[in-house]
Structures are given as C-alpha cells and as structure tokens.
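Below are the chains, spelled out letter by letter.
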Amino acid sequence: MTRLVLTNGRIFDGTGADPAVGDIVMEDGLIADVGSGLDGDESIDCRGKLITPGIFDCHVHFMADGDFSPNTHLNAPFSLQFYLAAERMQRTLAAGVTTVREAGGADLGVKEARELGLIPGPRMQISLTMLSQTGGHGDSWEVCGGFMPGMMDEHPGRPHNIVDGPEEMRRKVRELVRAGADVIKCATSGGVISPRSNPSHAHFRDDELDAMVAEASAAGRHVMAHAQATDGIKNAIRAGIRSIEHGIWLDDEAIEMMLEAGTYLVPTLIAPMGVIDAADRGADVADVILNKARAVVEDHQESVGRAIGAGVKIAMGTDSGVTPHGENLRELAAMANLGMTPGQVLASSTSIAAELMGIEDEVGTLQPGMAADVVVFAGDDFDVTNLGARVETVIQAGSVHP
Ligand SMILES: [Zn+2]
C-alpha cells in the first residue's frame, strides 16, 4: 500500500473553507489525511501550487466533439463512436475533470469500460439519451422526411427517445433504468441545435413530467431537464426535476421557484458561445442552428447572472460535445465573469456538483475517507480565469493520470 503525499500546496478542500497551505495523504484510492507535516512513501512537492478536489462537469456528451456537420455521423461506421468516445474521455480527465454526468449518448458499455480500467476517463453517471416529445429537441426528424443520424440514435444499449403521453413515459423511464441510466434526461423545451424545435416553447405537459419524475424517483433516479423556455423551466421545477440545464430564459418567478424547491442550475455558458466559435472557425454549422445560438447568447448570460445574484445553487456543466472536449475549465472563467467569486466557482465545480449528483459522501471534497480525486494547478493564485492552462497533475482514486 503506497502512501502518496502532496506537500505544502495551497489547498481548496471544497468544503467552503478558505484555501490554506497544507499536505494531503492518499492511500488505497482514498484520502487518508489532510493537515501539515504529513508523510508518505512517495511525495510530490506542491509548494507554490493550488490543489483542488477533482473538477466535476455535470453536462457532457462523449458521442460528439464540437462538430456540427451532418456528414460526421453519416459517414462514421457504427462502432467508431465508442472508440472516439474513449479518446474524448481521456482528454476530459487530462483537463482535470474527474467526474461527469453524461447528458445523452454514452451507454452502459462506455461507463463499464472505464470502471473495468480499459479506458481512462472521468467517473460517470449516464443518462443514455434525452427524452423528447415528437418534434422536440431530441427528435432527429428532418423536413425531407428522413432522420438525421446523431449522438443519441437508438441501438440495443440506447433506447429510442421520443415519448408522447404519460403511459408511454412510464414504460420509457423503466426502459432507461433497465438499460443502465443513472439519471433521466429530458427536454422540457426546444433547443438550439435541433433544426425543427423552438427554444422558447415548452415541451411535455404536466401529466407527462409527473409520470417521468414519479417513475424515476421510484427507481432512485433524479431527473435533469434541458430547459431553455421560461414555461419549460417552470414546468420542470414544479414537477420536481432536480436540475435545469442551460436555463436561457429565467424570469424572476422561475428563480424564486428554484430557490424554493432547491433546484440546481447547470448553466453551460460556453455552449452557445462554442457554436458561434465553431462557425467562426469555418465549421459546417447549419444557418438555422447558428442563428438560434446568436439569438440566445446574451439572454443566457443575463439569466444566469440573475440566478447567481439571487443565490440559486449552481453546478458546473459545459455541454462539452457541443463544444470540443477538454476545454471544460473555460466554463469556470465564464462563471466568474458573471459575478461568482473563485471560491463559489470552485465549490460549484466540486462539492455542489457532487450534491447535485447525490455522491457528496464519496467525492467532491478533500477530507479523510473521500475518494482521492485531486487536481494540482501551476501557481497558487486563487483565481479561476485561466485554470485550464494551469492543470499540472490529475489524480483519480489515488493514481496519478499520466
Ligand atoms: Zn447537452
């Protein structure tokens, strides 16, 4: 049993305490102790460096990588998606992200390949797909009458995702749980990257959402909602959905409701910006998608800024997949831009994200008995504006990621 010790680093432990200089000892994949003057068999000198818990990203898609061309999925052999996902998972871990919530795409085999040690990658909760109504954000029907291949296409490990009516909803949630979903993902409004949905329309009626949450709760699962439209957000909160993803049009009433219900907001600030950046880089982004991204970006920042100001629980999420993987920590700077302090940003990216995922007893803080997921950053500035470039060492379950 090797005891690895990080010495004299400036430690942000995720509990809400101010960062302080100290040592961390890890053994058997867990944190054994945090303090000063600690020793171990191997040590890494962290003087002048910042240490945080492994970073969480509560919204990623490993079956895409910031490429919007219709030809990408059309020309890819079926099984290539899994090999591509493996490389993206590794890139994400190398970026300092040790835990993710997969918001549609990865199936149980992808998750288990990591758990078996075949593929390095973040710890993962999976949703398999995104439930949508006919014509909703997850409906890949095109005006030509065909279906555009994409990251959530049905296959034996990834159930079909279009649901209408409460009875179908019961069966569908049970199918997802059977196929390995840790969390149920749905779209309670239209979205940006679906050509035929309108992000300002609410999707699913209350009886459908109630059936979804009831079935998910009975199976011990939370529900996460892609929700951009104001009504779609409110319907989701009222139904007891645990997190609002994106939250582009939050009005004061929606914010009040989130505070009341304890609903989390996963902003994904870099996602609409990423769509626009991709087009600027010359990527093949359909006009209908690009125009929607341009239309939402300012409203999105304004909404999230007000939610932050009001004290809504914020959990870090990027929608990586819509943007390229491995740039996850850009989101931290975007959060700070909207008024969060570095301590708030890092809490949202560690302990609060762990609470959202229901795993705060295992990961998200640096305390004895917790999983030894740790990131060491160059320089000890308590500043989140350029953390992505400062990642030096990523440790997951006590092992240093090469
Ligand atoms: Zn997403």
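Residues numbered from 1 in each chain as written. Predicted model: local features only at pLDDT ≥ 70, side-chain atom pairs only at ≥ 80, totals over all residues.

1. Here we look at the overall build of the protein chain
Under the convention used in this document: By definition, any uninterrupted DSSP run of H or I lasting at least four residues is a helix, any uninterrupted run of E lasting at least two residues is a strand, and each is numbered from the N terminus. The globule rule used here is 2.2 Å times the number of residues to the 0.38 power, and the radius of gyration it is set against is calculated over C-alpha atoms. Neighbour density around each residue's C-beta defines its exposure: 20 or more other C-beta atoms within 10 Å make it buried, 12 or fewer make it exposed, and counts between make it partly exposed, where C-beta atoms are placed from the backbone. The contact criterion used here is simple: two residues whose C-beta atoms, placed from the backbone, lie within 7 Å are in contact.
Looking only at helices and strands, the protein chain has 12 helices and 16 strands in total. The C-alpha radius of gyration computed for the protein chain amounts to 20 Å, which stays within 12% of the reference 21 Å derived for 402 residues, consistent with globular compactness. Structurally, the protein chain occupies a C-alpha span of about 65 × 45 × 45 Å along its principal axes. Expressed as a percentage of the 402 residues in the protein chain, the buried residues total 53%. Within the protein chain, counting contacts between residues at least 6 apart in sequence, those at least 24 apart form 71% of the total.

2. Examining the environment of A336
Positionally, A336 belongs in helix α10 (residues 330-337). Along the chain, A336 and I11 lie 325 residues apart, while their C-alpha atoms are 19 Å from each other. Here A336 is in contact with P342, V345, V384 and T385, once residues within four sequence places are set aside.

3. Considerations on the nonpolar core
Nonpolar side chains in soluble globular proteins tend to end up buried together. Keep this limit in mind: Connectivity within a nonpolar core runs through C-beta atoms within 7 Å, and the core itself is a set of buried Ala, Val, Leu, Ile, Met, Phe, Trp, Tyr and Cys residues.
Core analysis: the biggest nonpolar cluster contains 116 residues, and I24, I184 and M212 have the highest contact counts within it. When near neighbours in sequence (up to four residues on either side) are disregarded, I184 contacts S127, L131, V173, L176, M212, A216, R221 and V223.

4. Section: the domain arrangement of the protein chain
Definition in use: Domain start and end points were adopted from an automatic or database domain assignment. Lys, Arg, Asp and Glu make up the charged group, whereas Ala, Val, Leu, Ile, Met, Phe, Trp, Tyr, Cys and Pro make up the nonpolar group; the residues left over, Gly among them, are polar.
For the protein chain, the assigned domains are domain 1 (4-53 + 363-401) and domain 2 (55-328). Its C-alpha centre places domain 1 at a distance of 31 Å from the equivalent point of domain 2. On the domain 2 side, the residues contacting the nine residues of domain 1 number 11 residues. Within the side of domain 1 that touches domain 2, the residues separate by chemical class into four nonpolar, four polar and one charged.

5. Some words on the environment of I24
If you trace the backbone, I24 turns up in strand β2 (residues 20-27). For I24, a count of 28 C-beta atoms within 10 Å puts it in the buried group. If near-sequence neighbours (up to four positions away) are discounted, I24 is found in contact with V5, L6, I11, I31, V34, I51, L366 and V374.

6. Description of the sheet that holds strand β7 (residues 97-102)
Note the cut-off: Strands pair, by our definition, only if DSSP identifies at least two bridges between them. Geometry is summarised by axes, namely lines fitted to C-alpha atoms with helices restricted to the contacting stretch, and by angles between N-to-C directions that run from 0 to 180 degrees.
Read across the sheet, three strands follow the order β6-β7-β8 without closing on themselves; strand pairing throughout is parallel. On the outer flanks of this sheet lie β6 (55-60) and β8 (123-126), each paired with one strand and no other. Averaged over all neighbouring strand pairs, the angle between strand axes comes to 15°, with direction disregarded. In the sheet, β6 pairs with β7 via four bridges, with the strands oriented parallel. Across the sheet, V60 pairs through a bridge with E102, a residue of β7.

7. Some details on the sheet that holds strand β10 (residues 222-227)
Here we have five strands laid out as an open sheet, ordered β9-β10-β11-β12-β13, and parallel in their pairing. Two strands in the sheet have a free side with no partner beyond their single neighbour: β9 (183-187) and β13 (313-314). Two strands pair when backbone bridges link them, and β9 and β10 are joined in this way by five bridges, in the parallel orientation. From the neighbouring strand, K185 faces β10, where its bridge partner is M224. The strands touched by helix α5 (residues 206-218) within the sheet are β9 and β10, with β10 carrying the most contacts at an inclination of about 145°.

8. As for the pairing of strand β5 (residues 50-53)
As paired strands, strand β1 (residues 4-11) and β5 are joined by two bridges and run parallel to one another. Note on β5: the bridge partner recorded for I11 is I51. Direction of pairing for β5 relative to strand β14 (residues 374-377): antiparallel, over a ladder of four bridges. Considered in β14, the bridge of T52 is made with V375.

9. Description of the packing of helix α8 (residues 270-280) against helix α9 (residues 287-310)
For clarity, the threshold we go by: Between 65 and 115 degrees an angle is taken as roughly perpendicular, under 35 as roughly parallel, over 145 as roughly antiparallel, and anywhere else as oblique. Helix crossings are classified by the rotation of the near helix relative to the far one: an anticlockwise turn of less than a right angle makes the crossing left-handed, while a clockwise turn makes it right-handed.
The interhelical angle for the contact between α8 and α9, taken along N-to-C directions, is 140°, at an axis separation of 8 Å. Taken as axis vectors, α8 and α9 run oblique relative to one another. Where α8 crosses over α9, the handedness of that crossing is left-handed. Judged by residue contacts, P272, M273, V275, I276 and A279 of α8 engage I289, L290, A293, R294, V296, V297 and H300 from α9. When its residues are assigned to classes, the contact of α8 with α9 shows 10 nonpolar, one polar and one charged.

10. A look at the packing of helix α4 (residues 166-178) against α5
Contact geometry of α4 with α5 gives a least axis separation of 8 Å together with a crossing angle of 30°. In terms of their interaxial angle, α4 and α5 are classed as roughly parallel. As α4 runs across α5, the sense of the crossing is right-handed. In this structure, α4 contributes P166, M169, R170, V173 and R174 to the contact, and α5 contributes D207, E208, A211, M212, E215 and A216. Its residues assigned to classes, the contact of α4 with α5 comprises six nonpolar, no polar and five charged.

11. Remarks on α4
Residues separated by three or four positions in an α-helix point in the same direction, a consequence of the helix having 3.6 residues per turn. The criterion, for reference: Between the first and last residue of a helix there are one fewer steps than residues, each counted as 1.5 Å, and that sum is the expected span. Summarising the geometry, the arc corresponds to the directions from the helix axis toward the C-beta atoms.
Between the first and last C-alpha of α4 there are 18 Å, a value that for 13 residues agrees with the 18 Å anticipated at 1.5 Å per step. M169, K172, V173 and L176 are the residues of α4 that are buried. On an axial view of α4, the arc spanned by its buried residues comes to 100°, and they lie on one face. Residues of α4 that are exposed and point more than 90 degrees away from the buried face comprise E167 and R178. Summarising the contacts, the buried residues of α4 are in contact with β9 and α5.

12. Some points on unusual backbone geometry
Even without glycine at this site, N8 takes up a positive phi of about 55°. Relative to the helices and strands, N8 resides in strand β1. Non-glycine residue D319 carries a positive phi angle of around 70°.

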